[in-house]
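Letter by letter, the chains look like this.
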Amino acid sequence: MSLSRRSVLRMTGVAAAGALAAGVRPARAQAEVRTRVLIVGSGPGGSVAADRLTATGAECTVIERGRRWQPGDFPPALQPDTRTLWLDETSDVIDTADTLSSLGVPGLSGVLAQVSGLPGGRALSTGLTDVVASATVQTVCGAGVGGSSLIYGAVLPQPTEDTLARILPDVDYGELDEVYYPRARRGIGASPIPDDVLAHSRYAGQRAFAAGAQRAGVRTERVDLGIAWDAVRRELAPDGPTGASTGDYILTGTNSGAKISFDRSYLARAEATGRCTVLPLHQLTRLTTSPGGGYTATVDTLDEAGARTGTVRITADAVVLAAGAAHTPGILVRARDTGALPRLSAEVGHGWGTNADQAGTEPLNTTPGGPPPFIAHDDTAEHATIEPFTLGAHAGPVTAGAVLGLGMGVTSGTGTWSLGPAGLPVLTWNPATDGPAQAATRALAGRLTEGGGPPTITAFPPTPVLTAHPLGGAVLGRATDAYGRLEGYQGLYCLDGSLIPGSTGGVNPTLTITAIVERCLDDIVRRDLAA
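Residues numbered from 1 in each chain as written. Predicted model: local features only at pLDDT ≥ 70, side-chain atom pairs only at ≥ 80, totals over all residues. Heavy atoms only, no water.

**Considering the packing of aromatic side chains**
(1) Moving on: Enumeration according to the criterion identifies five aromatic pairs in this entry.
(2) Moving on: Over the face of the ring belonging to Tyr-266 we find Arg-269, whose NZ or CZ atom lies 4.8 Å from the ring centre. (Phe/Tyr/Trp six-rings, centres within 6.5 Å; stacked < 30°, edge-to-face > 60°. Lys NZ or Arg CZ within 6 Å of the ring centre and 35° of its normal.)

Written out as structure tokens, the structure reads:
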């Protein structure tokens, strides 16, 4: 059944689902929803899909397992409370906290165990930051309407042609450069830091980073950021609110409203059409084909503590999977290998990587202005980069003014998702595949240190602790066609970072994910929505 078939939402189902999203248990234990397009996940991919599809007149329902967040709701950066972590039945708050401690956040383990409030440090909460653990890597992503854009650093660089061509050789970089990267920047609202903001005393550390890199002969880029600069200017006023300029942006939102998350850009435009229904606190548990055509999703509804409150059955003509590379590959592998969607390609689950993320810290007592307006590049084959994420006075146990250096690069190998013996998706990934990129990152840090301009970051561990930039698992042109259609099923799409195998050329992936999804949707709209 194709997207061109006209369908309507069953109003009783929408009313019941809306009540569930508001935390009110309806009289019926199960609701039925009928929609033309179901979008699973509300991060960058899902938000772009909702915007583009509603613009054609299609009715879309977006399900998001997290809650809806607003400026003013966010916990302080790295000062955890009960709003900080998403914890499901398999999460262990102590393990998560120990991982973050190794990033230079001493004492966070005990704090998180204390706020969890349950014996053994285990709790259920629909918090903002989700940490997905495997044996060799832990993946950090966002939970809530807007997905990982709620917690990302809002750094939006474009990779170079030669590096992206190695990763996605069948995608025309010239077309991305001329059409889709500019469209993505406009859609997000991206722009570089204005001169007047950069000149403020809170950004002195960032200016010193760029000056030191220049002295060391390291190329720096003044990068586009997903930041509302008028909100930052309000932060800089006497008695202004906390936010990006005070270090409250890492793994959290900005209560000043400075960060332009995708729920405030692409998804907001979709909702404004009246054709997009967003259902927070709705978690997909099963996806299969429907006897009459299309797809049926079984969805648990949750309260804000994470407890299951009921079930919604959603029937759709088409489904867009956009839960991000921390979750979409597992959804697909489980559906294929349990027989729910058995015709999915054998390539599903392959090509997963970390963007060669690596982090180091220095307690340099520098100024907290952020997000980082500059990126340092090494321009080697691994294309290592370093960004200085300065941490402010609200960074909890971290020394105020410390710098977290985020390094990235081109990975030399990828991992695989499979179905484990307990019937749950399992990630197998070898940290050695990031070895060359990690070495290049440490070498770049050494060059920056030689430049003599703080902040420089030298304490990079030899192996990554976690990744904030998971990619791959349903690779474009392998598990899908050239535009995100999943092999084996009509009207089933993957439109998120799972399309990109392992790396986006040594830079933050959000802009490239957005551009690739925009490119896919041009073809999907033209061919699948044709009358």
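Having seen the structure, we can now continue with the description.
**Notes on the sheet that holds strand β13 (residues 358-362)**
(1) Moving on: The sheet built from five strands is open, its strands ordered β7-β14-β15-β16-β13 with antiparallel pairing. The open sheet is flanked by β7 (219-222) and β13, the only strands paired with a single partner. Averaged over all pairs of adjacent strands, the angle between strand axes in this sheet comes to 25 degrees, irrespective of strand direction.
(2) Moving on: In terms of strand pairing, β13 meets strand β16 (residues 403-408) through five bridges, oriented antiparallel. Residue Gly-360 lies in a different strand from β16, and its bridge partner there is Gly-405.
(3) Moving on: Taken strand by strand, helix α12 (residues 435-451) contacts β13, β14 (374-377), β15 (385-390) and β16, and its axis lies near 65 degrees from that of β15. (Pairing = 2+ DSSP bridges. Helix = DSSP H or I, 4+ residues; strand = E, 2+ residues; numbered from the N terminus. Axes fitted to C-alpha atoms, helices over the stretch in contact; angles between N-to-C directions. Contact = heavy atoms within 4.5 Å.)

**So, the pairing of β16**
(1) Moving on: Within β16, six of the six residues are buried, which leaves the element mostly enclosed by the surrounding structure.
(2) Moving on: In β16, alternate side chains face the same way, and those of Val-403, Gly-405 and Gly-407 on one face and Leu-404, Leu-406 and Met-408 on the other are all buried.
(3) Moving on: Of the pairings in the sheet, the one linking β15 to β16 comprises six bridges and is antiparallel in character. Counted as the bridge partner of Phe-389 is Leu-404 from β16. (Buried < 20%, exposed > 50% of the residue type's maximum accessible area, 1.4 Å probe, protein only.)

**What about the sheet that holds strand β17 (residues 415-419)?**
(1) Moving on: The three strands are arranged β12-β17-β18 in an open sheet whose pairing can be described as antiparallel. Of all strands in the sheet, those bounded by a partner on one side alone are β12 (350-352) and β18 (425-428). Averaged over all pairs of adjacent strands, the angle between strand axes in this sheet comes to 40 degrees, irrespective of strand direction.
(2) Moving on: Alignment of β17 against β18, held across four bridges, turns out to be antiparallel. What sits directly across from Leu-419, in β18, is Pro-425.

**A word on unusual backbone geometry**
(1) Moving on: With an omega dihedral of -10 degrees, the bond running from Gly-370 to Pro-371 counts as a cis peptide bond.
(2) Moving on: Considering the arrangement of structural elements, one finds Pro-371 in the loop between β13 and β14.
(3) Moving on: The backbone of Asp-239 shows a phi angle near 60 degrees, a positive value even though the residue is not glycine.
(4) Moving on: Counting through the fold element by element, Asp-239 comes out in the loop between α9 (229-236) and α10 (266-272).

**With respect to the pattern of salt bridges**
Two side chains carrying opposite charge are able to pair once their charged atoms lie near each other.
(1) Moving on: Tallying each qualifying case throughout the model produces 23 salt bridges.
(2) Moving on: In this structure, Arg-185 and Asp-224 form a salt bridge, with 3.1 Å as the shortest nitrogen-oxygen distance. With a gap of 39 residues between them, Arg-185 in helix α6 (residues 173-188) and Asp-224 in the loop between β7 and α9 connect regions that are remote in the sequence.
(3) Moving on: On the basis of relative accessibility, which here comes to 18%, the residue Asp-224 falls in the buried class.
(4) Moving on: Of the charged contacts in the structure, one is a salt bridge between Glu-347 and Arg-478, with a shortest N-O distance of 3.4 Å. Within this pair, whereas Glu-347 is found in the loop between α11 (328-337) and β12, its partner Arg-478 is found in the loop between β19 (466-467) and β20 (492-494), the two being separated by 131 residues in sequence.
(5) Moving on: Classification of Glu-347 by relative accessible area gives partly exposed; the value is 32%.
(6) Moving on: The class of Arg-478 is partly exposed, set by a relative accessible area of 39%.
(7) Moving on: Overlapping salt bridges bring together Asp-481, Arg-485, Asp-523, Arg-526, Arg-527 and Asp-528 as one network. (Salt bridge = Lys/Arg side-chain N within 4 Å of Asp/Glu carboxyl O.)

**A word on helix α8 (residues 204-215)**
(1) Moving on: Between the first and last C-alpha of α8 there are 17 Å, a value that for 12 residues agrees with the 16 Å anticipated at 1.5 Å per step.
(2) Moving on: Within α8, the full set of buried residues consists of Gly-205, Gln-206, Phe-209, Ala-210, Gly-212 and Ala-213. End-on view of α8: buried residues confined to an arc of 165 degrees, all on one side of the axis. For α8, the exposed residues set more than 90 degrees away from the buried face come down to Gln-214 and Arg-215.
(3) Moving on: On its buried side, α8 packs onto β7, β14, β15 and α12.
(4) Moving on: With its phi angle positive at about 75 degrees, Gly-217 sits one or two positions after the end of α8. (Expected span 1.5 Å × (residues − 1). Arc of directions from axis to C-beta.)

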